[in-house]
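# Descriptive analysis of the structure
What follows is the residue order along each chain.
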Amino acid sequence: MRLTNELTGSLNKFLNWDKRRMDCFVNLLIALMMVQTVNLKKLANAMPLKAKVDSTYRRLQRFFSKFHVDYVKLAQLIVSLFGFNRGKHYLILDRTNWKWGDRNINVLFLCMAYKRIAIPIFWLSLNKRGNSSTRERIALIERFISVFGTKHIAGILGDREFVGKKWFSYLKDRQLPFYIRIKRNNKTKDPKDGTTEIARLFRNLSFQEATLLKGKRLLYGHQVFVTGAKIEGDYLIVISNKKPPKHNPLEAIDIYAIRWRIETLFGCLKSRGFNFEDTHITHRKRIKQMIAVLTIAFCWAQLTGQWRCNNEKKITIKKHGRPQYSVFRYGLNWISEKLFKRGQQLQILTKITLQIFDVGIDRAMNQWL
């Protein structure tokens, strides 16, 4: 298949993997776009190879058990595909986890916010259930900084899990702005009430009303700015080490809202895209490699969707005001359709795919090699 050969050659200009491994990787990508599941049996059936299905299945098992992925090079390629090496961007930390049998699959992601989605840059497969530790979060941030520096970081966004005195000390020492949601029952001092739950300071708000508390408040051993809003059945309370501008005192709430883009990403990797939870793989190293495959497939679909919006037809907006498809799904549907139709449609797919990847690969080679 020409698409396989061309994409193998294009990606390998930068990644420089062993040809057999790259062939397997690209054929795996193509199969993933067709069947949209990480179940290895189904992928083996869909891979465009002459070998028998059982032989292909064993080849996939060997790929995940023996092949070493250079995650730094992969991150450099992803950053270049989306032009992240220009300007500043918000980094989002979050976990996704589920159980397969009695094994916990628990992955911590560090992503860059991009339009209405989040793009995975680095990830860590945890050897436990539950929340990440300060050490694990710092490891991901430090890996990003060691490769890309701090000049492209506009701030760190995280949900209520990502709190702690040592964690905030690290972010302050690194001079990284943060916008983190905290729990409503966190204690702080108030001139009127003494020590009180932070949510009590927002109890007079109306539904969907928001305000910035005057001055800084002591939380997790640090003086921080606190912005809160009353939402349905709860409070949205965001702390930051960066003083909000006078023209937008509620800036922290607006910036924190960007964090929700990672939930959209998880949907793309799972039920609304590649059905990551279908995997029977539980080994941490292999899970990490599977995410590498999913990330490139996700980037391919997302960038193809953008290309369609810019060059073919924009996504239809339905009567309720929401788009008919996400950009990711718009691209994935188009790729899948071309792969199944083959012939001239496959030639069109090959041409557009190479255009998309070659731009990013050229950027990567100029920037990182």
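Scroll up for the structure.
## With respect to the layout of surface pockets
The computed volume of the largest pocket comes to approximately 640 Å³. Around the largest pocket sit 19 residues that line it, and R116, I315, Y325, S326 and V327 are the ones nearest its centre. Of all elements in the fold, only α9 (261-269), α10 (284-311) and α11 (327-341) reach the threshold of two or more residues within the lining of the largest pocket. Ranked by residue count, the leading element in the lining of the largest pocket is α10, at four residues.

## Quick look at unusual backbone geometry
A positive phi angle, near 55 degrees, is found at Q175, a position not held by glycine. For Q175, the position within the fold is in the loop between α7 (165-173) and β5 (178-182). Of the residues examined, Q175 reaches a relative accessible area of 70% and is grouped as exposed.

## A look at the state of the cysteines
The full count for this structure, using the stated rule, is zero disulfides. C111 takes part in no disulfide bond, and the closest cysteine sulfur, belonging to C299, lies 10 Å away. What makes C111 buried here is its relative accessible area of 0%. Given the relative accessible area of 0%, C299 is considered buried.

## A word on the environment of L176
Structurally, L176 can be placed in the loop between α7 and β5. Judged by relative accessible area, L176 falls into the buried class, the value being 1%. Not counting residues within four places of it along the chain, the set of residues in contact with L176 comprises I141, I145, T150, I153, I156, L171 and N241.

## Some details on the packing of aromatic side chains
Tallied over the entire structure, the rule returns 24 aromatic pairs. Ring plane angle 45 degrees and centroid distance 6.5 Å describe the contact between F122 and F148, whose orientation is recorded as tilted. Within this pair, whereas F122 is found in strand β3 (residues 117-125), its partner F148 is found in helix α6 (residues 134-148), the two being separated by 26 residues in sequence. This pair shows no difference in class: F122 is buried, exactly as F148 is. When the ring of W300 is compared with that of F357, the centres are 6.3 Å apart and the planes differ by 70 degrees; the resulting orientation is edge-to-face. Taken together, the residues span a long stretch of sequence, with W300 in helix α10 and F357 in helix α12 (residues 343-368) at a distance of 57 residues.

## Remarks on α9
Buried within α9 we find I262, L265, F266, G267, C268 and L269. Buried residues belonging to α9 abut β1 (89-100), β2 (103-114), β3, α10 and α11.

## Some thoughts on the environment of L265
If you trace the backbone, L265 turns up in helix α9. Linking L265 and V327, residues 62 residues apart in sequence, is a C-alpha distance of 11 Å. Among residues more than four places away in sequence, those in contact with L265 are C111, I117, A118, P120 and F298.

## So, the nonpolar core
Core analysis: the largest hydrophobic core is formed by 131 residues, its most contacted members being L11, F25, I121, I141, I156, F298 and W300. Here this core takes 14 residues from α10, the largest share from any one element. Once you skip the residues sitting within four places of it in the chain, F25 turns out to touch L11, W17, F63, V293 and I296.

## Looking at the pattern of salt bridges
For the structure shown, the criterion picks out 18 salt bridges. With its nearest N and O atoms 3.1 Å apart, the salt bridge here joins E312 to R308. Using a relative accessible area of 14% as the deciding quantity, one classes R308 as buried. The residue E337 makes a salt bridge to K341 at a minimum N-O spacing of 3.1 Å. Note that E337 and K341 are positioned in helix α11 at a spacing of four residues, about one turn of the helix. With relative accessibility at 53%, the residue K341 sits in the exposed group.

## Topic: the side chain of D23
As for its placement among the helices and strands, D23 is situated in helix α2 (residues 19-35). Contacts of D23, omitting those with residues within four sequence positions, involve T8 and R59.

## Some details on the packing of helix α5 (residues 71-81) against α10
Closest axis-to-axis distance for the α5/α10 pair is 11 Å, and the angle between their directions is 15 degrees. When the interaxial angle is binned, α5 and α10 end up roughly parallel. When the axes of α5 and α10 are compared, the crossing they make is left-handed. Each of Y71, L74, L77, I78 and L81 in α5 lies in contact with α10, whose residues at this interface are K285, K288, Q289, A292, T295, I296, C299 and L303.

## A word on the pairing of β2
Counting buried residues in β2 gives ten out of twelve residues, a clear majority hidden from the surface. Note: β1 against β2, ten bridges, orientation antiparallel. Note on β2: the bridge partner recorded for I92 is C111. Following β1, the chain reverses through two residues before pairing antiparallel with β2; G101 in that reversal takes a positive phi of roughly 65 degrees. Taken together, the eight bridges between β2 and β3 define a ladder with antiparallel strand orientation. Among the inter-strand pairings, M112 is bridged to a residue of β3, identified as I119. Turn length for the β2-β3 hairpin, with the two strands adjacent in sequence and antiparallel, is two residues, and the turn residue K115 shows positive phi of about 50 degrees.

The rules behind the values
Residues numbered from 1 in each chain as written. Predicted model: local features only at pLDDT ≥ 70, side-chain atom pairs only at ≥ 80, totals over all residues. Heavy atoms only, no water. 1 Å grid on protein atoms, 1.4 Å probe; cavity = no way out; pocket = protein on both sides within 12 Å on 5 of 7 lines; lining within 4 Å. Points joined across faces, edges and corners; volume = space filled by probe spheres on them. Helix = DSSP H or I, 4+ residues; strand = E, 2+ residues; numbered from the N terminus. Buried < 20%, exposed > 50% of the residue type's maximum accessible area, 1.4 Å probe, protein only. Disulfide = S-S within 2.5 Å. Contact = heavy atoms within 4.5 Å. Phe/Tyr/Trp six-rings, centres within 6.5 Å; stacked < 30°, edge-to-face > 60°. Core = buried A, V, L, I, M, F, W, Y, C linked by side-chain atoms within 4.5 Å. Salt bridge = Lys/Arg side-chain N within 4 Å of Asp/Glu carboxyl O. Axes fitted to C-alpha atoms, helices over the stretch in contact; angles between N-to-C directions. Parallel < 35°, antiparallel > 145°, perpendicular 65-115°, else oblique. Left-handed = near helix turned anticlockwise from the far one by under 90°. Pairing = 2+ DSSP bridges.

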